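Residue strings, one per chain:
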Amino acid sequence: MHERSLPASPNWYCSRCSDVNSSGLLGFGAKNIIYLCDVSASSCRISGELVGHKGLVSSFSFCQHAGQSHICVSSSNDGSVLFWDSDNKALIREHKAHQSPVSAVHWSPVDKNLVVSGDEKGIVVCHWYHTGDTASFFPEPRTIFCLTCSPHTWSSVAVGYKDGMIVLIDVSKKGEVMHRLRGHDDEIHSLVWSPLANEDTLYCRAEDGEATNGVPTGEEKGCYLASGSKDQTVRIWSTAKGKGVMTMKLPYLKKRGSAVDPTVKERLWLNVHWPKGRATQLMSSCFSGELVMWDLTKTGKQRWSLFGTSSEGQNHSRIVFNMSSVQLQDDRELLISTSMDREIKCWDLASLDCCWTLPTLGGFVYALTFSPVGAGCLALGVGDNMIRVWNTLTTQNQYDTRSFWQGIKSKVTALAWHPKREGSLSFGTDDGKVGVYDVFSNKPPQISSSYHRKTVYTLAWGPPVPPMSFGAAGGKLPYSLYSCAGEGVILQHDPSKLSGEASDIDRLIRDTNNIKHKLSPHTDLSWKPDGKVVAIGNEDGCIDVYEAPSLRLLCSIQQHHKIINTLRWHHDHSSSPELHCLLASGSSNAIVYVHDLYSVIENPPQKPVVLTEPHRRLCGHTAKITGMAWSPHHDARLVTISYDGTAQVWDVLQEAAVSNYRGHNGYLLCVDWSPVDPDLIWTGGKDFTLQEWRVSKQEFTKPPKGKKMVDLREKKQQKKKSNKAAGATGAPPPPETNGEPVTGREKAATGQELSDEDEVSSTNSSVPPPATLETQRKSSTAVKSKDKPDLNLLKRKKPRSMLPISTSMDHRPKEELLQDCITLASVKHSSAPPAGCVPGQGEHIHLGLFSDRQALYRMFEAEEGGHVEASHFDSVVYLRLWSGDLVGALQLATEKGELNDHLLSIAPMAGFEVWSRTVEAFVKQLCLQEQYLKAASHLLSINKLYDAVHLLRSHKLYREAIALVKARLPADEPILKELYTCWASVLEKDGHFSAAAKCYIAAGASFDAAKVVARKNDVSSLRTAASLARISGEVALAQSLALRCAKDLSAAQDWVGAQEVLSSQDSLLVHRLHLCVAELLSAMLAGVVPQSCVSSHPWTSAGEQHFGVLDRVRDVWDEQFGVSQKSSGHCSAGALLQELKSVESPAVTANVPIRQVLLYSSLHLTRSVLNWLLDDDGQLIKELWQTVAWFRDAGHFCVSAELCRLLFPDGDVSVSSRKRVKALHHTEETAKAAADSLQAFVHHHRLLERWWSRSDNQEVQNGLSSSAADSSLGDEVKDKLDLDASLLLSEPHAACQATQRSVSEIQERLAAMVLQHGRAQGGQLDGGEKQADAPAQLLTTSQRPSDAGQRPDEETLLSLSTKMSEYQKQLADLPETIKMYPHPDVVECCLVLLHLSKSSASVSTSLEHKAKDLLRRYGTSPSVLKASQRFLT
């Protein structure tokens, strides 16, 4: 379990989403999890989680009865009601009586078995805990917002609704309504009963205008009920009379220098709470996070008092949603409140002061990092658009955090402290913003003027590089801020001038390294702590290491084949300098690789080196790696986090898993090691939590096996799809409740789902969507009416009239129509029209059609006004067109978006300028309608070819844009290359690598084409990429890809295919020779190495078998490849050997597969044959020693023995060839040591073969009495040993081996002693005390004998350390040749020889005496003493 943690934020807009029981255990719903928090102490502590809901938790309540207070109930918007045991963190029972989202639940304070819940449809359900039965009621067809059970009568329940209605029901009478309490005119947010069972406490009269609903005012018993509503009032109700007795309006408190305007309806949630034992005191929330205590016996301003007035900063900063109180055993009375400001506060009701504050998180924890300057200062980047800075070492307040939100406005995805300047924190956001905060000031952050186009993933401080390094002066080493984002660009920002433009380091990389091809998009970067080099991870899985400040490429690590997610350098304060150059890397596959770059950094090569083998592999995770951190307290101790939901601690040098943490729900995103406690690690992730945990207290060592997290993720996605499908088929449109439309906030709340992407809203579980029976009936009747189609609608519709007003004038009474004829005749035939008659205007508008043109224009103006009011703009356009105002018609159609092909066709009549402007407007209109091809064609009509190409390109229609450019523009047009490159990038991201490669080839970027084809990383893709690079002249890339392909083919033992790939390039001859040797070696070792050969060459089975391996190799080289001592040029042995020396051979570990061991061993065998051709006997014997050592050190003893037999059939390592009569002569000391070591191992194998052939019966093998052994071996034939056994009895090697065994034994005893001490001291001291006092206590306890019978003379920690130093000094004094070229175990050889001497006379007396003497001096272990007892007595 974790130590400290910051939980997810409590859900918003819920009437009861938190509750506290009598023992001080607080439970609150956050997303779909219920967090349990112990509030009984001076500070809070997260004690557990209740996990089981699939939807958002909407309500939560404890059982407040003695003996059952650990039982609780919760509800969710998926309609489920769950019962929990908070002690065992276990689910007891699940009820699914509701068919709609549940909005409220409450455990009855009177009946310990009764739980009441209500949903948004208005259904109330009673759950009986002891029997599991349920009963449903439907008191009102309204949306329930809250409900509460009476603390005095078990059957009385008060229900609050969305429209302001409060209903009291009797659940013992099937939900019969006792009273309807009317007075509020908006949502009921909270209801609470008075703690007293009568109404004698308050003296107040019933409010005017309150209806009693027919209840007589007699001596009816009842108690008060308080309600809080969105209408900004708190009301006290008499449940006996069914009416309101008191109304309290929220006070308008001044905040930030301005008073709240009561006319402005701002966001409010009014929660009320009536503590036990305080009949006249009521608590409520207020507008901006203040908490108010109401004294119900007073009036006016004396009625209320504020919480937290003794000092500034105690109150919440935003609205409060829930309050709950508890009376502890020490007589303290506490109030717990949750708020929109994502803080949980505890208040002392005696003083109204805040006791403590628990910060919570409202989004994914994307980044966490400890300050390198301020000890214990932890910064968090969260998906709720805020940064938290936590002082983790403070003793007074364990959760001393500050929140920063100014200038962020997006998810905080990356953080980095300045390495020297205290309090300077850089941050990166989801929208590409980079800024720097000074956490010790109240100033807003400095924001860089250079934005990324996508999410910022990594920030790093490092030494400046050109062009910014040119301005560094004064001798003080400045720092630049580097940011890497999702578009693959790394920007260098000047922290002293963030308003200036940031520089892209790709330009410097290209110029320094003379790179012409496109660089792979960058995904991560990490500066080495000393600032000498920087490692940059790329999208294609390659890691490039550059030397500062010129960014010269030192090496390229090509181990990963997926996107690099994280890079970390080892800290530079370790004891060993070699560890400073360890680089750990994690990608989207599950393996962590650690690379040793010591030789590359200390001795930079002239040309970049390509590394393909890691220093260490860390295998265990089952999903992609998202982050890692080196321990600052240990050497080579690493913690990694993954999408498998676990954090893993590794011992890197041993490749061993140390500890695995599984406390999170979902994948992890960030991790850091505590800078003060070597046992503490902090992690954050998808579950909205930050957790602190100890390495030594974890139950598991390795990550869980299998793909559990992947399966869970797939199940969630399937459920989401099914829910969406169900919602699409069965969900009605958003209704209106009681004539009031749903507000914007509520609409947003109705669509909230528990998704991975929507972080902030998932915690803000708002009011459920309103749906009432009235709206259901309306919708059902509408459906019924649609079932019967209207026959009139089936008739053909008349076209709309262009002149509707004048047409309507022709449908008047007959007398008026006849009068129109007289009026028109008068106008036509008289010089002066009748008085008040203006044709085309007013009452005579219709006469404009029959009069002159001016009258017609007046009629058109009137008709246009009618069309504009009716929004018939197309008719207005045609009227203007008819009147000859073509420009006006086109202008109006442009403004209203009514342009069409017909109008465009007549636009040239108004001139070229008008036509061109109209075409451009029509193009914009078509783009809004997503008709991009048509829009581009219209641009071509006005000769705007480049605009047409840009339009197609901006909407990712690359194929059409390229076709247009190639058809209309010259072949050397630069835009064509840009189109090919952009299209290739899009295709590459979508995984269409072949199509992307064609684009790169067309653009002349053959290097990029080969790289993108190789990203598939299968054999056919690598072979194609190598051929492509070779044809294009990219020799280095072709060689690299061909080698990768051949490596994969040889691993699958497709030897013919591997040789074919390499044969296309003459420069890869030495690698062909290596594969030839590997194939021959594989064929010769077929009896002891498992084979699954796909293809092989004929020469593997041919040849003379009585010759050795080296002769066989030379014959095949001469016949098949033309390589011999007479070869010259690039085929000469010297040139081939020099080229083969660049091929790396990693250190031997037990985790390397047998086929890889075969390849590495054959590499050394190839070098040995080349040295033979050069007559270099010293290097020949060293390489032969390495050939055999690979199998021996990797644990394949039988294969090593067989290889020795094949290499040296006569058992003499000085004779390397029978056919060519080659005898080895060594003058160099190391070569002679290698030869002696190799000869000793050959003799050792033959000695063991002799021993195994003699040990036919089980008694001799098990080491029985000497008489039994002699009797069983006495009858055997005594043969002579055919080997020089004296070489096996080397006294210097025996001394070295004995010292090494002593060192190992002391190390084991020290580790056991430290582990025993850690277990004895665990849990007794705090982290700081433990760190300070642990060494002294360890020394004291190790010196003091325990009560369990420890020997008084047992060695102490000090004496063991002294012995360790002595042994290490002895080892250091030994010659390097003894340690570099070891011999077989001398003690073991002595025992075998003495056993053989009992049954054979071949062991000489002097040899036997020497063996006994060595046994007496160096056989000190118990097992050896027991085995040698029969020989030494």
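Since we're looking at a predicted model, the values are computed, not measured.

Chemist: Let's hear about the sheet that holds strand E48 (residues 592-596): which residues, and what values?
Modeler: Read from one edge to the other, the open sheet built from four strands follows the order E46-E47-E48-E50, with strand pairing classed as antiparallel. Of all strands in the sheet, those with a lone pairing partner are strand E46 (564-569) and strand E50 (616-618), marking the two edges. Averaged over all adjacent pairs, the angle separating strand axes in this sheet is 20°, with direction ignored. The sheet contact formed by E46 and strand E47 (residues 582-587) spans five bridges and is antiparallel. Looking at E47, one finds that tryptophan 569 is bridged to leucine 583.

Chemist: Got a sec to walk through the pattern of salt bridges? Specific residues and values, please.
Modeler: Summed over all chains, the structure comprises 39 salt bridges. Between arginine 694 and aspartate 677 there is a salt bridge, with its nearest N and O atoms 3.1 Å apart. Here aspartate 677 lies in the loop between strand E55 (668-673) and strand E56 (680-685) and arginine 694 lies in strand E57 (residues 690-694), a separation of 17 residues in the sequence. One exposure class covers both arginine 694 and aspartate 677, and it is buried. Taking the shortest distance from any N to any O, the salt bridge between glutamate 1228 and lysine 1182 comes out at 3.3 Å. On the criterion of sequence distance, the pair formed by glutamate 1228 in the loop between strand E59 (1222-1223) and helix H30 (1229-1254) and lysine 1182 in helix H28 (residues 1177-1193) is long-range, its members being 46 residues apart. You can call lysine 1182 buried: its relative accessible area is 15%.

Chemist: Before we move on, can you summarise the nonpolar core with the specific residues and values?
Modeler: Judged by nonpolar contacts, the single largest core of 77 residues is most densely connected at Leu903, Val949 and Leu1041. No other element matches the eight residues that helix H14 (residues 912-928) contributes to this core. Apart from the residues lying within four places of it in its own chain, the contact partners of valine 949 are Ala961, Leu964, Val965, Ile975 and Leu979.

Chemist: Help me get a handle on the packing of helix H37 (residues 1386-1399) against helix H39 (residues 1422-1432), residues and values and all.
Modeler: Contact geometry of H37 with H39 gives a least axis separation of 10 Å together with a crossing angle of 30°. Looking at the two axes, H37 sits roughly parallel to H39. Crossing hand, H37 versus H39: left-handed. Residues Val1387, Leu1391, Leu1394, His1395 and Lys1398 of H37 pack against Val1424, Ala1427, Ser1428, Arg1430 and Phe1431 of H39. Taken together, the residues of the contact of H37 with H39 break down into six nonpolar, two polar and two charged.

Chemist: Quick one: what's the story with the packing of aromatic side chains, residue by residue and with numbers?
Modeler: As enumerated under the stated definition, the model contains 27 aromatic pairs in all. Centroid distance tryptophan 12 to phenylalanine 321: 6.2 Å. Interplanar angle 25°. Geometry classified as stacked. Separated by 309 residues along the polypeptide, tryptophan 12 in the loop between strand E1 (5-6) and strand E2 (18-20) and phenylalanine 321 in strand E26 (residues 320-327) bring together distant segments of the chain. Seen from their ring centres, phenylalanine 364 and phenylalanine 688 are 5.8 Å apart, and the 65° between their planes marks the pair as edge-to-face. One end of the pair, phenylalanine 364, is in the loop between strand E29 (353-359) and strand E30 (365-370); the other, phenylalanine 688, is in the loop between E56 and E57, with 324 residues separating them in the sequence. Among the residues examined, phenylalanine 364 registers a relative accessible area of 5% and is labelled buried.

Chemist: How would you explain the state of the cysteines if you had to name every residue and give the values?
Modeler: Under the criterion given, the structure shown has zero disulfides. Unpaired in terms of disulfides, cysteine 44 finds its nearest cysteine sulfur in cysteine 37, a separation of 4.4 Å. A relative accessible area of 3% places cysteine 44 in the buried class.

Chemist: For the sheet that holds strand E43 (residues 533-538), give the residues involved together with the corresponding values.
Modeler: Here we have five strands laid out as an open sheet, ordered E42-E43-E44-E45-E49, and mixed in their pairing. Edge positions in the sheet fall to strand E42 (522-527) and strand E49 (609-611), since each of these pairs with one other strand and no more. Here the strands of the sheet are splayed against their neighbours by 25° on average, with no regard to which way each runs. Where strand E44 (residues 543-547) meets strand E45 (residues 552-557), five bridges bridge the pair, whose relative direction is antiparallel. Each residue of the ladder has a partner; that of isoleucine 543, found in E45, is isoleucine 557. Helix H1 (residues 505-513) rests against E42, E43, E44 and E45 of the sheet, and its axis sits at about 100° to E45.

Chemist: Break down the environment of threonine 429 for me, citing the residues and quoting the values.
Modeler: Mapped onto the elements of the fold, threonine 429 is located in strand E35 (residues 424-429). In this structure the C-alpha to C-alpha distance between threonine 429 and lysine 411, which are 18 residues apart in sequence, comes to 5.4 Å. In contact with threonine 429, not counting residues within four places along its chain, are Ile408, Ser410, Lys411, Val412, Thr413, Thr455 and Val456. A polar side-chain atom of threonine 429 sits 2.3 Å from a polar atom in the side chain of aspartate 431.

The rules behind the values
- Residues numbered from 1 in each chain as written.
- Predicted model: local features only at pLDDT ≥ 70, side-chain atom pairs only at ≥ 80, totals over all residues.
- Heavy atoms only, no water.
- Pairing = 2+ DSSP bridges.
- Helix = DSSP H or I, 4+ residues; strand = E, 2+ residues; numbered from the N terminus.
- Axes fitted to C-alpha atoms, helices over the stretch in contact; angles between N-to-C directions.
- Salt bridge = Lys/Arg side-chain N within 4 Å of Asp/Glu carboxyl O.
- Buried < 20%, exposed > 50% of the residue type's maximum accessible area, 1.4 Å probe, protein only.
- Core = buried A, V, L, I, M, F, W, Y, C linked by side-chain atoms within 4.5 Å.
- Contact = heavy atoms within 4.5 Å.
- Parallel < 35°, antiparallel > 145°, perpendicular 65-115°, else oblique.
- Left-handed = near helix turned anticlockwise from the far one by under 90°.
- Nonpolar A, V, L, I, M, F, W, Y, C, P; charged D, E, K, R; others polar.
- Phe/Tyr/Trp six-rings, centres within 6.5 Å; stacked < 30°, edge-to-face > 60°.
- Disulfide = S-S within 2.5 Å.
- Polar contact = N/O pair within 3.5 Å; in protein donor to acceptor, adjacent residues only side chain to side chain.

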